[in-house]
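Fold and contact review
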Amino acid sequence: MKIRQNVGRCKDPHNSWEYGSFTIKKEMVFSSVKKLEKVVGNLKRLSWERFYNIVIPEFEYKVDDHILEIEMEYIKGDYMKSIHHHNVVYDELVARDGDWSWTDYAPRNFIVKDDRIHVIDLDSFGYIKFEDRQKKWDQTYGIFAPLIRSYRGKNQLDAKLSCSDLDYLRLKKLLVCVFNAKVERVEEKYYAKIDNSTYDNLEQLMVHLRLVYNCIKNAMDLNPPSHQQRKNVLKELRETSWYKATHVL
Ligand SMILES: Nc1ncnc2c1ncn2[C@@H]1O[C@H](COP(=O)(O)OP(=O)(O)OP(=O)(O)O)[C@@H](O)[C@H]1O
Ligand SMILES: [Mg+2]
């Protein structure tokens, strides 16, 4: 386990320890020996798998009387929140080559310390195909999922634009950069079509995009709204067919 030095980090004269280590122990009981053996096999594999932008804390495990005990470095940090960190987790764990990765993408399983993401739920590592990882990601993040740079899942906005060239260029930039949408130029009677809803002019489209943006902001909890504000945004958005057709929050 890593030994941490407190000297220099803490100027408080009452906090005088100099060397120490933080560890956390997780004990698990399984309903069958088969399940226990599966997780032990997964942990064995995890100990030699390589990750590049995600840190696996140092860990040790043992089985004692059918109880699996994992002891690992305690990571003192915050749960991941930023889009950047979600991008890293998506690229490294969901879009990863092969069929071995994490099976749970909830933000509480990722702790950011010194701008590095540490994955802590070690028993959630296992055999999971890309399609199932994508499904788990969709289930966990819903409307927030399309904001991830390389996301190509079912929640990605599908935008068809039939507006003037100038509007097309501006809207394309907005839709791709802010919403990570798929954008296509078409010649139709409508001004724009987002998933299954059509919009007759820029104003109508912007009203809709503003709502989507608010909804994403709420889902990301960057600037937590009050309960009532959250309910109002969801109510307004629920009235649009795009939301009905694609999302359950
Ligand atoms: N190494 C660690 N460093 C810091 N905190 C940890 C560590 N391991 C676990 N925790 C804390 O304990 C919580 C639960 O851990 P873990 O995810 O392993 O358990 P779990 O049974 O999967 O729980 P959950 O269903 O909430 O994810 C984490 O969200 C985190 O707050
Ligand atoms: Mg967990």
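Refer to the preceding data block for the structure.
An account of the accompanying structure is given in this report. (Residues numbered from 1 in each chain as written. Chains lettered and ligands numbered in written order. Predicted model: local features only at pLDDT ≥ 70, side-chain atom pairs only at ≥ 80, totals over all residues.)

**Considerations on the pairing of strand 9 (residues 110–113)**
Taken together, the two bridges between strand 7 (residues 78–79) and strand 9 define a ladder with antiparallel strand orientation. Following the sheet pairing, tyrosine 79 is matched in strand 9 by isoleucine 111. Pairing of strand 9 with strand 10 (residues 116–119), which is carried by four bridges, proceeds in the antiparallel orientation. In the strand pairing of strand 10, lysine 113 is matched with arginine 116. Linking strand 9 to strand 10, which pair antiparallel, is a turn of two residues; within it aspartate 114 sits at a positive phi near 50°. (Pairing = 2+ DSSP bridges. Helix = DSSP H or I, 4+ residues; strand = E, 2+ residues; numbered from the N terminus.)

**Examining unusual backbone geometry**
The phi dihedral of histidine 66 falls on the positive side, at around 65°, and the residue is not glycine. By the C-beta count within 10 Å, which is 11 here, histidine 66 ends up exposed. You will see that asparagine 180, though not glycine, has its phi angle at about 50°, which is positive. Summarising the element assignment, asparagine 180 is placed in the loop between helix 4 (165–179) and strand 13 (182–185). For asparagine 180, a count of 19 C-beta atoms within 10 Å translates into the label partly exposed. (Buried ≥ 20, exposed ≤ 12 C-beta atoms within 10 Å, placed from the backbone.)

**A look at the sheet that holds strand 14 (residues 192–194)**
Taken together, four strands build an open sheet; the order of strands is 13-12-14-15 and the sheet is mixed. Across the chains shown, the open sheet's two edge strands, defined by having one partner strand only, are strand 13 and strand 15 (197–199). Along the sheet, successive strands turn relative to each other by an average axial angle of 20°, direction set aside. Taken together, the three bridges between strand 12 (residues 158–161) and strand 14 define a ladder with antiparallel strand orientation. By the bridge assignment, alanine 159 is partnered in strand 14 with isoleucine 194. (Axes fitted to C-alpha atoms, helices over the stretch in contact; angles between N-to-C directions.)

**Focus on the environment of tyrosine 79**
Mapped onto the secondary structure, tyrosine 79 falls in strand 7. Separated by 32 residues in the primary sequence, tyrosine 79 and isoleucine 111 place their C-alpha atoms 4.5 Å from one another. The residues touching tyrosine 79, leaving out its near neighbours within four places in the chain, are Pro107, Arg108, Phe110 and Ile111. (Contact = placed C-beta atoms within 7 Å.)

**Some remarks on the nonpolar core**
Judged by nonpolar contacts, the single largest core of 36 residues is most densely connected at Val89, Tyr90, Ile117, Trp137, Ala145, Ala159 and Ala192. Of all the secondary structure elements, the ones that give two or more residues to this core are helix 2 (83–94), strand 9, strand 10, helix 3 (130–141), strand 12, helix 4, strand 14 and helix 5 (202–220). The element that contributes the greatest number of residues to this core is helix 2, accounting for five residues. Sequence-distant contacts of alanine 192, that is, excluding residues within four places in its chain, are made with Ala159, Lys160, Leu161, Ser162, Cys163, Tyr199 and Leu205. (Core = buried A, V, L, I, M, F, W, Y, C linked by C-beta atoms within 7 Å.)

**Comments concerning helix 2**
Restricting attention to buried positions, one finds in helix 2 the residues His86, Val88, Val89, Tyr90, Leu93 and Val94. Looking at the buried side of helix 2, the elements it contacts are strand 4 (54–55), strand 8 (100–102), strand 9, strand 10 and helix 3.

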